[in-house]
Amino acid sequence: MKASQIIQADYSKRGEDPTNYLAGLSKLVSIKDAQLLQEGDTVLVLVRLGNNKVQVELFTQDNPLQLTKAINELIKKLRESGATTIYGAEEPELTKMLQYLDINVEPSDNPNYEWMAQL
């Protein structure tokens, strides 16, 4: 699946319309403030925050086993890109996977996010 299809399918599962999100994401990608990392049918949307910090959002159509493998690969890519801290909102699936991979998830030091993790 293409990244946009995965995002659309994830929004559909929640009964939401992805149109505005995808339009905003497209603008951020075009000015290089956002990036998409894909592994299988899992997409990690990264929004640059500066100082090697990024906001992450997870979209997936993978089963739990495939998702675990995908998250592991995506974290490797994140580390290679130079990101040192990731921030996120309520995403229990992602935080559970990060903890499974021995990445410490803690309350955010930025009031715009619920959690953060050092890579």
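Residues numbered from 1 in each chain as written. Predicted model: local features only at pLDDT ≥ 70, side-chain atom pairs only at ≥ 80, totals over all residues. Heavy atoms only, no water.

Asker: Tell me about the nonpolar core, and please be specific about residues and values.
Answerer: Formed by 20 residues in total, the largest nonpolar core has its most connected members in L44, V56, L78, I86, L94, L98 and W115. For this core, the leading source of residues is helix 3 (residues 64-80), giving five residues. (Core = buried A, V, L, I, M, F, W, Y, C linked by side-chain atoms within 4.5 Å. Buried < 20%, exposed > 50% of the residue type's maximum accessible area, 1.4 Å probe, protein only. Helix = DSSP H or I, 4+ residues; strand = E, 2+ residues; numbered from the N terminus.)

Asker: Can you lay out the side chain of D10 for me, pointing to particular residues and giving the numbers?
Answerer: Residue placement: D10 occurs in helix 1 (residues 3-13). Residue class for D10 comes out buried when judged on its relative accessible area of 12%. If we ignore the near neighbours within four places in the chain, the residues touching D10 are L58, F59, T60 and Q61. (Contact = heavy atoms within 4.5 Å.)

Asker: Please set out the pattern of salt bridges residue by residue, giving values where relevant.
Answerer: Enumeration according to the criterion identifies three salt bridges in this entry. Salt-bridge contacts for R14 lead to D10; the nearest nitrogen and oxygen are separated by 3.8 Å. Residue classification places R14 among the partly exposed residues on the basis of a relative accessible area of 45%. We note a salt bridge from K76 to E73, for which the minimum N-O separation is 3.3 Å. Here K76 pairs with E73, and both are found in helix 3, just three residues apart, close to one helical turn. Exposure remark for K76: the relative accessible area of 39% places this residue in the partly exposed category. (Salt bridge = Lys/Arg side-chain N within 4 Å of Asp/Glu carboxyl O.)

Asker: Go over the pairing of strand 1 (residues 34-39) with me, naming the residues and quoting the values.
Answerer: Here is the key point about a regular strand: its side chains alternate between the two faces of the sheet. Both strand 1 and strand 2 (residues 42-50) contribute to a ladder of six bridges, which runs antiparallel. Note that in strand 2 the partner of A34 across the bridge is V47. Taking the residues that link successive antiparallel strands as the turn, the strand 1-strand 2 hairpin has two residues, and the phi of G40 there is positive, at about 60°. (Pairing = 2+ DSSP bridges.)

Asker: Any chance you could break down the side chain of T95 for me, citing the residues and the numbers?
Answerer: With respect to the helices and strands, T95 occurs in helix 4 (residues 92-100). Residue classification places T95 among the buried positions, given a relative accessible area of 15%. In this structure the side chain of T95 is engaged in a polar contact, spanning 3.2 Å, whose partner is the backbone oxygen of P92. Discounting chain neighbours no more than four positions away, the residues touching T95 are V105 and W115. (Polar contact = N/O pair within 3.5 Å; in protein donor to acceptor, adjacent residues only side chain to side chain.)

Asker: Tell me about the sheet that holds strand 2, residues and numbers included.
Answerer: Ordered by their spatial adjacency, six strands build an open sheet running 1-2-3-4-6-5, and the pairing between neighbours is mixed. Pairing within the sheet leaves two strands with one partner each, and these edge strands are strand 1 and strand 5 (105-107). Ignoring which end each strand starts from, the neighbouring axes of this sheet average 30° apart. Bridge count between strand 4 (residues 85-88) and strand 6 (residues 115-118): four bridges; the pairing is antiparallel. For G88, the partnering residue across the bridge sits in strand 6 and is W115. Of the strands in this sheet, strand 1, strand 2, strand 3 (53-60) and strand 4 touch helix 3, which is tilted by about 140° from strand 1. The strands touched by helix 4 within the sheet are strand 2, strand 3, strand 4, strand 5 and strand 6, with strand 3 carrying the most contacts at an inclination of about 110°. (Axes fitted to C-alpha atoms, helices over the stretch in contact; angles between N-to-C directions.)

So far we have only geometry, and geometry alone does not tell us how the molecule works.
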